[in-house]
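Close look at the chain arrangement
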Amino acid sequence: MGRTQVVTGTGAQSSRLVFIGEAPGRDEDLQGEPFVGRAGMVLNSALASAGVTRDDVYITNLVKCRPPDNRKPRKDEVSACSMHLESEFSHLRPSVVCLLGQSVAKGILDEDRSMAELAGTERTVTLWGHDVRAFISYHPAACLYTRENVDKFDETIRICVEAAGLSRR
Ligand code: URA
């Protein structure tokens with residue numbers, strides 16, 4: 001299997017705003033927490049611009065174990081981890097969900113369109129029995145490679161924070 005440990009969600013257990021990434025990377029696998037590497041710094045910075053910190057929200061991943069060789073999670077791995085997301089949802093009862101990147105949009109909403117089309121879009125959906133406002137954003141790692149994505153990413157995170165009623169300013 002190759003992973004060091006299972007990486008479960010982190011953050012405010014009372015948060016109505018949930019961020020869902022793809023899968024733990026190397027740093028997350030070693031530290032046991034989602035989004036603690038370079039992509040996590042991009043997410044932290046967007047949250048700070050929106051007036052909150054990662055402790056105010058809940059951050060988790062579609063799959064809880066790092067896939068070998070950093071490959072994308074397979075469909076069977078997403079299905080196998082679905083019960084974990086279901087239990088996170090039943091505990092948190094989120095009202096706003098931010099899907100970070102294309103494979104998360106595909107895995108959860110079965111959305112196949114390009115991120116250029118999907119980034120910043122919103123739909124109301126029922127996920128594991130909970131009606132949520134689901135926003136799609138670029139994956140924070142996509143901001144590391146393409147700086148032009150940063151403004152759109154920051155804006156989508158700010159809209160999610162506002163939609164969840166968490167903005168302080
Ligand atoms: N990328 C993800 O999708 N999730 C993490 O936790 C880290 C990087």
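A brief structural summary. (Residues numbered from 1 in each chain as written. Predicted model: local features only at pLDDT ≥ 70, side-chain atom pairs only at ≥ 80, totals over all residues. Heavy atoms only, no water.)

1. Considerations on the packing of aromatic side chains
- Counting across every chain of the model gives one aromatic pair.
- With a centroid separation of 4.9 Å and an interplanar angle of 65 degrees, the aromatic rings of F89 and W128 are classed as edge-to-face. You can see F89 sitting in helix 3 (residues 75–92) and its partner W128 sitting in the loop between strand 5 (122–127) and strand 6 (130–137), a full 39 residues away along the chain. (Phe/Tyr/Trp six-rings, centres within 6.5 Å; stacked < 30°, edge-to-face > 60°. Helix = DSSP H or I, 4+ residues; strand = E, 2+ residues; numbered from the N terminus.)

2. Let's talk about helix 7 (residues 149–163)
- Taking 1.5 Å of rise per residue, the 15 residues of helix 7 would be expected to cover 21 Å, and the 21 Å separating its terminal C-alpha atoms lies within 8% of that figure.
- Those residues of helix 7 lying buried are N149, V150, F153, T156, I157, C160 and V161. Relative to the axis of helix 7, the buried residues are bounded by an arc of 140 degrees and lie together on one face.
- Buried residues along helix 7 sit in contact with strand 2 (17–21), helix 2 (38–49), strand 4 (96–100), strand 6 and helix 6 (140–145).
- After helix 7 finishes, the residue G165 shows a positive phi value of roughly 70 degrees. (Expected span 1.5 Å × (residues − 1). Buried < 20%, exposed > 50% of the residue type's maximum accessible area, 1.4 Å probe, protein only. Arc of directions from axis to C-beta. Contact = heavy atoms within 4.5 Å.)

3. Let's talk about the site of the ligand
- In the vicinity of the ligand, the contacting residues are G21, E22, A23, E28, P34, F35, N61 and H139.
- A distance of 2.8 Å separates an oxygen atom of the ligand from a polar backbone atom of E22.
- At 3.0 Å, a backbone N or O of F35 approaches an oxygen atom of the ligand. (Near = heavy atom within 4 Å. Polar contact = N/O pair within 3.5 Å; in protein donor to acceptor, adjacent residues only side chain to side chain.)

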